[in-house]
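Examining the three-dimensional arrangement
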Amino acid sequence: MTYRRGREVTQALSACSLTIPEGGWASLIGASGCGKSTLLRILADIVQPSGGSATLGGMTPAEARATRSFALVSQQSVLLPWRRMLENVELGLEVARADRAERRRRAEEAIELVGLRGFERAYPHELSGGMRQRAAIARALTLRPRFLLMDEPFGALDELTRASLNFELLRILEETSATLLLVTHSIAEAIILSDVVAVMSPRPGRIVHKLEIGFGHHRTDAMRDDPAFAAHEAELRHALHGDPGVTRPAIREPAFA
Ligand SMILES: Nc1ncnc2c1ncn2[C@@H]1O[C@H](COP(=O)(O)OP(=O)(O)OP(=O)(O)O)[C@@H](O)[C@H]1O
């Protein structure tokens, strides 16, 4: 992926190869500017790659967009300040021209899933940051996406809220069977929310390391105390710092597989 602006040329991505099985969860981590968001933007059909290809379930990003197969949630997901939470969650379906009853039914279902029942009539300024992010996730879920693309969705939240939303997202992923590609700056978050973590390096952006996370899909907060978790953290930290020859340390089978 090369961005061109006048004479200015930035090679944002070069060797990036990653396959996520359907229903699988993957994260991208890496220093600022290594092209994580660019990769997500290619999949979301926001920018066109200068070379190579990206597919979602065999579809090009444009086809995936036309069939509303993916939803994108970012750190600054915008809720319209003049609309109540429920009306904000209905927005995606409104744009998709779903009828009123269907809109309401799916929005209520998604609100239940993210644990925001009781706040339907609140305006965004009356919700906490974590609640606004949950509303943005609910809005994405109303479209029942096969693919969930998330760019630092919890980046602006405090540690505790973030941790609880991580596990809520896991529950939602299990219930919806969506495939997840997440961009995050948090190593712990990447481990909690992934089957595979891809470490990227900048100039030009490329995937330099892939780590399979050996925990199964039924995860609880106790996974943080498993020695395998610390081993994964150490391996990813080394890969991020560009240590040559990062190898997987000897770890015992995770207790949560
Ligand atoms: N629209 C654009 N036009 C020109 N260059 C761009 C554009 N968007 C991104 N870039 C450049 O591409 C490179 C990758 O940017 P990108 O935003 O994908 O990185 P990132 O890993 O997501 O960074 P961060 O972690 O800071 O969000 C950077 O050098 C950036 O300056």
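Bear in mind the structure is a predicted one, so any value in this text is a computation, not a measurement.

**What about the site of the ligand?**
What surrounds the ligand is a group of 13 residues, the closest being Tyr 3, Ala 12, Ser 32, Ser 37 and Thr 38. Listing elements by their share of the shell around the ligand, those giving two or more residues are β1 (2-5) and α1 (36-43). In terms of residue count, α1 provides more of the shell around the ligand than any other element does, three residues in total. Residues of the shell around the ligand, tallied by class, amount to three nonpolar, eight polar and two charged.

**Observations concerning the packing of helix α3 (residues 85-95) against helix α5 (residues 129-141)**
Contact geometry for α3 and α5: axes closest at 7 Å, N-to-C directions at 35°. Viewed along their axes, α3 and α5 form a crossing whose handedness is right-handed. Along the contact surface, α3 presents Met 85, Asn 88, Val 89, Leu 91 and Gly 92, while α5 presents Ala 135, Ala 138, Arg 139 and Ala 140.

**Considerations on the packing of α5 against helix α6 (residues 159-176)**
As a packed pair, α5 and α6 sit with axes 11 Å apart at the nearest point and diverge in direction by 15°. The angle between α5 and α6 falls in the class roughly parallel. As α5 runs across α6, the sense of the crossing is right-handed. Contacts between α5 and α6 involve Gly 130, Gln 133 and Leu 141 on the former and, on the latter, Thr 161, Leu 165, Ile 172 and Thr 176. In terms of residue class, the contact of α5 with α6 is made up of three nonpolar, four polar and no charged.

**A look at the environment of Ala 140**
One can find Ala 140 in helix α5. When the C-alpha atoms of Ala 140 and Leu 91 are compared, they prove to be 9.5 Å apart, with 49 residues separating the residues in sequence. Not counting residues up to four positions away in its chain, the partners in contact with Ala 140 are Ala 71, Val 73, Gly 92, Pro 145 and Leu 148.

**Here's the deal with the nonpolar core**
Grouped together as the largest cluster of nonpolar side chains are 66 residues, with contacts concentrated most on Ala 138, Leu 149, Leu 180 and Val 197. Among the elements that take part in this core, α5 stands out by supplying six residues, more than any other. Residue assignment places this core across two domains, with domain 1 (8-69 + 146-244) and domain 2 (80-144) each supplying three or more. Sequence-distant contacts of Val 197, that is, excluding residues within four places in its chain, are made with Ser 27, Ile 29, Ala 190, Ile 191, Leu 211, Ile 213 and Leu 236.

**Some thoughts on the domain arrangement of the chain**
Partitioning the chain into domains gives domain 1 (8-69 + 146-244) and domain 2 (80-144). Between the C-alpha centres of domain 1 and domain 2 the distance comes to 25 Å. Across the boundary between the two partners, domain 1 contributes twelve residues, which contact ten residues of domain 2. Looking at the side of domain 1 that touches domain 2 element by element, the count peaks at six residues for α6. Taken together, the residues of the side of domain 1 that touches domain 2 break down into seven nonpolar, two polar and three charged.

**Concerning the environment of Asp 45**
Structurally, the position occupied by Asp 45 is in the loop between α1 and α2 (61-66). On the neighbour-count criterion, Asp 45 (18 C-beta atoms within 10 Å) is partly exposed. The residues touching Asp 45, leaving out its near neighbours within four places in the chain, are Pro 61, Ala 62 and Arg 65.

**Section: the sheet that holds strand β5 (residues 147-151)**
Taken together, six strands build an open sheet; the order of strands is β4-β5-β6-β3-β7-β8 and the sheet is mixed. On the outer flanks of this sheet lie β4 (70-74) and β8 (206-212), each paired with one strand and no other. Strand after strand, the sheet turns through a mean of 15° between neighbouring axes, direction not considered. Note that strand β7 (residues 196-201) and β8 share six bridges and pair antiparallel.

Each value, and the rule that gives it
Residues numbered from 1 in each chain as written. Predicted model: local features only at pLDDT ≥ 70, side-chain atom pairs only at ≥ 80, totals over all residues. Near = placed C-beta within 6 Å. Helix = DSSP H or I, 4+ residues; strand = E, 2+ residues; numbered from the N terminus. Nonpolar A, V, L, I, M, F, W, Y, C, P; charged D, E, K, R; others polar. Axes fitted to C-alpha atoms, helices over the stretch in contact; angles between N-to-C directions. Left-handed = near helix turned anticlockwise from the far one by under 90°. Contact = placed C-beta atoms within 7 Å. Parallel < 35°, antiparallel > 145°, perpendicular 65-115°, else oblique. Core = buried A, V, L, I, M, F, W, Y, C linked by C-beta atoms within 7 Å. Buried ≥ 20, exposed ≤ 12 C-beta atoms within 10 Å, placed from the backbone. Domains from an automatic or database assignment. Pairing = 2+ DSSP bridges.

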